[in-house]
Amino acid sequence: ADGSRNLSLDSIPMGLPMSDPTAWATAMNNLGMAPMGMTGQPLLPDFDPALGMMTGIPPINPMMPGLGIVPPPIPPDMPAVKEIIHCKSCTLFPPNPHLPPPATRERPPGCKTVFVGGLPENGTEQIIMEVFEQCGEVIAIRKSKKNFCHIRFAEEFMVDKALYLSGYRIRLGSSTDKKDTGRLHVDFAQARDDLYEWECKQRMLAREERHRRRLEEERFRPPSPPPVVHYSDHECSIVAEKLKDDTKFSEAVQTLLTWIERGEVNRRTANNFYSMIQSANSHIRRLVNEKATHEKEMEEAKEKFKLALSGILVQFEQIVAVYHSASKQKAWDHFTKAQRKNISVWCKQAEEIRNIHNDELMGIRREEEMEMSDEEIEDPAEMKETEESALVTQVEALKEENDSLRWQLDAYRNEVELLKQEQGKASRDEDTTKEQQLKLLQQALQGMQQHLLKVQDEYKKREAELEKVREDKLKIETLLETLKEQESGSSRICACSQEKECPAEKTLSNSPVKSEREALLVGIISTFLHVHPFGASIEYICSYLQRLDSKICTTEVEVLMTRLQHTFKQELSGVGASLEKRWKFCGFDELKMT
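Residues numbered from 1 in each chain as written. Predicted model: local features only at pLDDT ≥ 70, side-chain atom pairs only at ≥ 80, totals over all residues. Heavy atoms only, no water.

It is worth spelling out a positive patch on the surface at this point. Residues R203, R207, R210 and R214 make up a contiguous surface patch of positive charge. Considering the arrangement of structural elements, one finds R203 in helix α4 (residues 192-220). With relative accessibility at 41%, the residue R203 sits in the partly exposed group. (Patch = residues over 30% accessible without salt bridge, like charges linked within 9 Å, V, L, I, M, F, W, Y side chains within 5 Å. Areas by Shrake-Rupley, 256 points an atom, 1.4 Å probe, with all protein chains shown as cover. Salt bridge = Lys/Arg side-chain N within 4 Å of Asp/Glu carboxyl O. Lys, Arg positive; Asp, Glu negative; His and termini not counted. Charge placed at Lys NZ, Arg CZ, Asp CG, Glu CD. Helix = DSSP H or I, 4+ residues; strand = E, 2+ residues; numbered from the N terminus. Buried < 20%, exposed > 50% of the residue type's maximum accessible area, 1.4 Å probe, protein only.)

Turning next to the pattern of salt bridges. According to the stated counting rule, one finds 21 salt bridges in the structure shown. Between E317 and R354 there is a salt bridge; the shortest N-O distance is 3.3 Å. With E317 in helix α8 (residues 283-326) and R354 in helix α10 (residues 337-377), this residue pair connects regions lying 37 residues apart in the sequence. Here R354 falls in the buried class, since its relative accessible area comes to 18%. Several salt bridges converge on common partners, so that one network encompasses K112, R152, D194 and E197.

Let's shift gears to the packing of aromatic side chains. Applying the stated criterion to the full structure yields eight aromatic pairs. Their ring planes at 90° and their centres at 5.2 Å tell us that Y231 and W259 sit as a pair that is edge-to-face. On the criterion of sequence distance, the pair formed by Y231 in the loop between α4 and α5 (233-244) and W259 in helix α6 (residues 249-262) is long-range, its members being 28 residues apart. A relative accessible area of 13% places Y231 in the buried class. Its relative accessible area of 0% is what places W259 among the buried residues. Each residue in the set Y231, W259 and F273 is aromatic and connected to the rest through ring pairs, giving one cluster. Over the ring of F249 we find R286; its NZ or CZ atom is 5.9 Å from the centre of that ring. (Phe/Tyr/Trp six-rings, centres within 6.5 Å; stacked < 30°, edge-to-face > 60°. Lys NZ or Arg CZ within 6 Å of the ring centre and 35° of its normal.)

This brings us to the sheet that holds strand β3 (residues 90-93). Pairing is antiparallel across the open sheet formed by four strands, whose spatial order is β2-β3-β7-β8. Each of the sheet's edge strands pairs with one partner strand only, and the pair in question is β2 (85-86) and β8 (181-183). The pairing of β2 with β3 spans two bridges and is classified as antiparallel. Residue I85 lies in a different strand from β3, and its bridge partner there is L92. (Pairing = 2+ DSSP bridges.)

What UniProt calls "coiled-coil region" (unreviewed entry) maps, in this numbering, to residues 277-304 and 395-486. End C-alpha to end C-alpha, residues 277-304 measures 41 Å, and it is 96% helix and 0% strand. (UniProt positions renumbered as here; feature names shortened; annotations may be inferred.)

This part is about the packing of α6 against helix α7 (residues 270-281). For any two helices packed against each other, the geometry comes down to the angle between their axes and how far apart the axes lie. Axis separation between α6 and α7 bottoms out at 11 Å; the angle between their running directions is 140°. For the crossing formed where α6 meets α7, the hand is left-handed. In this structure, α6 uses F249, L256, W259 and I260 to contact α7, whose residues at the interface are F273, M276, I277 and A280. For the contact of α6 with α7, the class distribution of residues is eight nonpolar, no polar and no charged. (Axes fitted to C-alpha atoms, helices over the stretch in contact; angles between N-to-C directions. Left-handed = near helix turned anticlockwise from the far one by under 90°. Contact = heavy atoms within 4.5 Å. Nonpolar A, V, L, I, M, F, W, Y, C, P; charged D, E, K, R; others polar.)

Take α8 next. For an α-helix, 3.6 residues make a turn, and residues three or four places apart therefore share a direction. With 44 residues, α8 should cover 64 Å at 1.5 Å per step; its first-to-last C-alpha distance of 64 Å lies within 8% of that length. For α8, every residue scored as buried is listed here: H283, R286, K306, L309, L313, F316, V320, Y323 and A326. (Expected span 1.5 Å × (residues − 1).)

So, about the nonpolar core. Counting 32 residues, the largest nonpolar core has V116, F132, I151, F153 and L165 as the members making the most contacts within it. Among the secondary structure elements, those contributing two or more residues to this core are β3, β4 (113-117), α2 (125-132), β5 (138-143), β6 (148-153), α3 (157-163), β7 (169-172) and β9 (185-188). With five residues, the single largest contributor to this core is α2. When sequence neighbours within four positions are dropped, the list of residues in contact with I151 reads K112, T113, V114, V116, I128, F132, V138, A140 and I141. (Core = buried A, V, L, I, M, F, W, Y, C linked by side-chain atoms within 4.5 Å.)

Quick look at a nonpolar patch on the surface now. Taken together, the side chains of I260, V265 and I277 define a hydrophobic patch exposed on the protein surface, amounting to about 210 Å² of accessible area. Its place among the elements puts I260 in helix α6.

A few words on the side chain of E458. Tracing the sequence through the fold places E458 in helix α12 (residues 389-485). The buried charged residue E458 lacks any salt bridge partner; its closest oppositely charged side chain belongs to R462, at an N-O distance of 4.5 Å. In this structure, E458 is in contact with R547, L548 and D549, ignoring residues within four places of it in sequence.

What follows concerns unusual backbone geometry. Negative phi characterises most residues that are not glycine, and trans characterises most peptide bonds. Positive phi outside glycine occurs at N147, with the angle close to 65°. You can see N147 is positioned in the loop between β5 and β6.

A few words on the pairing of β4. With four of five residues buried, β4 is to be regarded as a mostly interior element. Bridge count between β4 and β6: five bridges; the pairing is antiparallel. Each bridged residue has a counterpart across the sheet, and for G117 the counterpart in β6 is F148. Sheet analysis places β4 next to β9, joined by four bridges and oriented antiparallel. In the sheet register, V116 faces β9, and the bridge partner there is V186.

Structure representation (structure tokens):
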């Protein structure tokens, strides 16, 4: 393809004149369009699309505006008149009317693009635009080097107009050269843009349909009931007042029912709910009275209906009597045949209607007689009730008191059950707490046993260390004895030995380590700080020592370390709020310095 571009009517050369405007008007009329000249003026000012060019032949309208609606095919017995079409740069000759119509492929959905084959070799895009722009607005033309092209129109119905030109022979100018002639073949073409636009349109229609359905469903959906407020003392008082009002009774009863189903009744609110239930019970008498009044109104309406029906039956009897009197010989001979027929028909209809109403009235009377018989059967009981009418009010009062006492008894039973449940829960809780305490005690005993084992191990280790210290003491004593023996030697050796013995004795007498326990602590702290070269806080050191002996306290450790200034050194690290005191082991540095 050479590419696609839009062409306007102004780009068409206006050199060649139109040879036969009548033929052009005929072709435009057959296409169902108003005949227009090349200058844009109508050729036939009084053109009527409903009229054809020949009598008895309607105009050919190959399109119907709409959403891809293809018009029904023209009947085969109604031939289409196709004539020569003269354009500015070319001439179109109609095909042989006896040949079958050109075949076309199945129409793609939303088709706006046509395939045009059989173009002349010397045909240009301007000539193609000149021929096919009469069918409608052309958006793009994509021409190939192999004598065919694709034309995309603005609307779908324009494709049907373009298909009308299929089968025409085209000739450029007046040339008879083979390169200037060709036979047009117009067919539907499948384009991605057309399919995309059609799918977008279908989706838009589907969205509109869903929106319309949703609106219909929302319109016909019954309204949701109003929400019921949560129980509170204030709302309880409001509902109690509404229960006393006849107009607001139904709303208040619904609220009360919802609260009871939610489980709002408990020992604290039982009295409030009982008062509301009692006020709801007081409406029973009102409802019974209303029912009695409605029954009375219904009986009165029945009496009125029976009286009206009997009056209607009397009038029907009079009308039937008139018909019967007219049917007697004295008056019957004076009527014509048609009049006699009408009178007999009217008499039959009146008798049928009278019989229907009479049966209805008899049915009502039978029902009344049955009711009367039932009342006669119940008469002895009614007599007894009339005799005891003085005691009815007392019986009702006793019933109300009995109901109230029964409800109070139910409330007390509920309270007793709640107390039993609470006591059962408390006993269960006590059992569970006892079990938990036993488990905790067992765990504590196990921990104590493990701690005793650890203390025994530490005791054994310390005994071994004490033995080692004793051995060291014995060695030192032997060394001192040997030194004393060597005093009898040379004076220099004695002086040196005295100088060495004096600081040793001083150190032994003035030693900061006062017990074997402190010596053990110094050794353990030294090894711990040796593992931590950047130092450690006194809390961290004491937490480590308390794992070995829980009786060790921080003050004891800190006093011991402050006495050993040549072994342990305290430093401050951090800034501001993160300031922290850390102890470091400096025994090796002091040893080098000495």
